[in-house]
Amino acid sequence: MNKKIAVLSGDGIGPEIIQEAIKVLKAIELKFNHQFEYKYALIGAAAIDKTGNPYPDETHQICLENDAILFGAIGDPKYDNDPTAKVRPEQGLLKMRSSLGLYANIRPVKSYDALLDASPLKNERIKGADFIVVRELISGIYFGKPRGRSEDQTIAYDTCVYTKEEILRITKTAFELAKNRKQKVTLLDKANVLATSRLWRETVTEYAKQFPEITLECNYIDSAAMEIITKPTKFDVILTENLFGDIISDEASVIAGSLGILPSASIGDKNALYEPIHGSYPQAAGKNIANPMATILSAAMLLENSFGMLEESKAIVDAVEKAINNNFVTEDINDGKFSTSQVGDKIVEFILA
Ligand code: IPM
Ligand code: MN
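Residues numbered from 1 in each chain as written. Chains lettered and ligands numbered in written order. Predicted model: local features only at pLDDT ≥ 70, side-chain atom pairs only at ≥ 80, totals over all residues. Heavy atoms only, no water.

Novice: Would you take a moment to explain the overall build of the protein chain for this structure?
Specialist: Tallying secondary structure elements over the protein chain gives 13 helices and 12 strands in all. Radius of gyration (C-alpha) of the protein chain: 20 Å, near the 20 Å computed for a compact globule of 353 residues. With the C-alpha coordinates of the protein chain rotated into their principal frame, the extents come out at 55 × 50 × 40 Å. Per-residue burial for the protein chain yields a buried fraction of 53% across its 353 residues. Once the 40 positive and 49 negative side-chain charges of the protein chain are each reduced to a mean point, those two points are 2 Å apart. (Helix = DSSP H or I, 4+ residues; strand = E, 2+ residues; numbered from the N terminus. Rg over C-alpha atoms; globule rule 2.2 N^0.38 Å. Buried < 20%, exposed > 50% of the residue type's maximum accessible area, 1.4 Å probe, protein only. Lys, Arg positive; Asp, Glu negative; His and termini not counted. Charge placed at Lys NZ, Arg CZ, Asp CG, Glu CD.)

Now the structure itself:
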C-alpha cells in the first residue's frame, strides 16, 4: 500500500522520539511491503522561531494533504514563565486540533504486568487495569468565548460551552469503542454543579438507550479522580469533556508505570493525528534518554485506525511489549539502561525477527 504521512516533530524531545517511530515505520514498510512517504512540517516553538506562527499555513496544508499525521511534542520553557508572551507553542496544537476538526481524543491506558512495580500504586490495585479515555478535544472551556481580561486586568474569564451536537459526536465514538470491549461507558462530569455537565448527562443517557447491551455509568469527576487510582479496573471506556479529560488522562498514566509509554489518537471526520500523551520534556532534549515507546505505539494506532493495517499495528505493539518484558527500556522505567535510539533499534529488531 502507498500512504502519505505528515510528520510534525515539534519541540524538546519531539525530534528524537519521532525519529525512532519513523525507524519503526520503515521496518514495517520493509516487512509488509508498503511504501510510506513522510512529509515533515513545523509546529510549536520550532515553528515560532522560524515563522513567528506556532501552526503555519504551510503545516496546515501538509496535514490536509496527507493520509495521517504523526506528531511528537510541543512546548518550550522559554514561554512557560512569561505571562506576557503573545504567541505560545501550545496555541499551535490547539489551532491544529480545531482547524482539522479532531474532536475525538482517544487515550488508551493499561497496566503491563512487567511494569507493575514501576507504578507507585499497589500492584493488586492496578493489575489488569485496561481502559480508554475518550476526551472531547475541540470545545468546552479550551475554546469557549468570551475569554480574556477586564480592561483594568483585575478580572479574568474563560467560558465553557458545549452544544448537543458536539456531545453526541464524541458519545458515538465512545459507544463504538465500547462495543468491541467490555461494553461499559463511564461518563465523567460535574452535573451537580455545571450546566454543561447536565447537558452532557442528558444527551449521553438518552443516546445510551439505543444500546441496552452497553452499561452506562455517570460519575462525578472529583470522585472518579479518586477511583481511577483506587479502583482502576472498574473502568472500560471513559467519556468526558475537554478539561476533565486532560486532567484525568495524566492522572491515569500513573497506572501504566510511565507517561512515556502512553499513545493517543485525535480523530476527526476527515483527518487523524497520532501523538504520545506526554509533553516535550525539555530537560531531556538532545540527550537520547527519552522513552520513544509512546510515539512508537502512536504509530501503531495510526496504522490500525487510519490505514486499516491491523497485522502491521500488532507487530509494533508486540515488539514494544517484548522490549518491556525483556527490560530493553529507557531510564523512566525501572531505571532502564537503554537510550532512546537503542530502544528504537531493539523494537525494529523484534519486528524484523
Ligand atoms: C495534552 C496537553 C495539551 C492540552 C496542551 C499542551 C495544550 O496537555 O494534549 O493533554 O491541554 O490539551
Ligand atoms: Mn494534558
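Novice: Looking at this structure, how should I read the pairing of strand 12 (residues 272-276)?
Specialist: Sheet faces and side chains relate simply in a regular strand, where the side chains alternate between the two faces. With 5 of 5 residues buried, strand 12 lies mostly within the body of the structure. Going residue by residue along strand 12, you find Ala-272, Tyr-274 and Pro-276 tucked away on one face and Leu-273 and Glu-275 tucked away on the opposite face as well. In terms of strand pairing, strand 3 (residues 68-73) meets strand 12 through 2 bridges, oriented parallel. For Ile-69, the partnering residue across the bridge sits in strand 12 and is Leu-273. Taken together, the 5 bridges between strand 11 (residues 263-267) and strand 12 define a ladder with antiparallel strand orientation. Each bridged residue has a counterpart across the sheet, and for Ser-266 the counterpart in strand 12 is Leu-273. Counting the residues in the hairpin turn of strand 11 and strand 12 gives 4 residues. (Pairing = 2+ DSSP bridges.)

Novice: Explanation requested: the pairing of strand 11 in the structure shown.
Specialist: For strand 11, a buried count of 4 out of 5 residues is recorded, marking the element as mostly surrounded by other parts of the structure. By the bridge criterion, 3 bridges tie strand 4 (residues 104-110) to strand 11 in an arrangement that is antiparallel. Counted as the bridge partner of Ala-104 is Ile-267 from strand 11.

Novice: Please clarify how the sheet that holds strand 8 (residues 184-189) should be interpreted in this entry.
Specialist: The pairing of strands in a sheet comes from backbone hydrogen bonds and takes either a parallel or an antiparallel form. Spatially, 10 strands are ordered 2-1-3-12-11-4-5-10-8-9 in an open sheet, and the strand pairing comes out mixed. The sheet is open, and its two borders are formed by strand 2 (35-40) and strand 9 (215-220), each paired with just one other strand. The mean angle between the axes of side-by-side strands here comes to 25°, regardless of whether they run parallel or antiparallel. Summarising the sheet, strand 8 and strand 9 pair through 6 bridges and their orientation is parallel. When the sheet's bridge partners are listed, Thr-186 is paired in strand 9 with Glu-217. Along the sheet face, helix 3 (residues 57-65) touches strand 1 (2-10), strand 2 and strand 3 and points at about 150° away from the line of strand 1. (Axes fitted to C-alpha atoms, helices over the stretch in contact; angles between N-to-C directions. Contact = heavy atoms within 4.5 Å.)

Novice: Please clarify how the packing of helix 1 (residues 14-32) against helix 11 (residues 293-307) should be interpreted in this entry.
Specialist: Packed helices, taken two at a time, are described by the angle between their axes plus the distance between the axes. In the contact formed by helix 1 and helix 11, the axes pass within 8 Å of each other and the chain directions differ by 45°. Relative to helix 11, helix 1 is oriented oblique. Crossing of helix 1 against helix 11: the hand is right-handed. Mapping the contact onto sequence places Ile-17, Ile-18, Glu-20, Ala-21, Val-24, Leu-25 and Ile-28 in helix 1 and Thr-295, Ile-296, Ala-299 and Leu-303 in helix 11. For the contact of helix 1 with helix 11, the class distribution of residues is 9 nonpolar, 1 polar and 1 charged. (Parallel < 35°, antiparallel > 145°, perpendicular 65-115°, else oblique. Left-handed = near helix turned anticlockwise from the far one by under 90°. Nonpolar A, V, L, I, M, F, W, Y, C, P; charged D, E, K, R; others polar.)

Novice: Help me understand the side chain of Asn-66, please; the structure alone is not making it clear to me.
Specialist: If you trace the backbone, Asn-66 turns up in the loop between helix 3 and strand 3. Residue classification places Asn-66 among the buried residues on the basis of a relative accessible area of 11%. Discounting chain neighbours no more than four positions away, the residues touching Asn-66 are Lys-4, Ile-5, Ala-6 and Lys-39.

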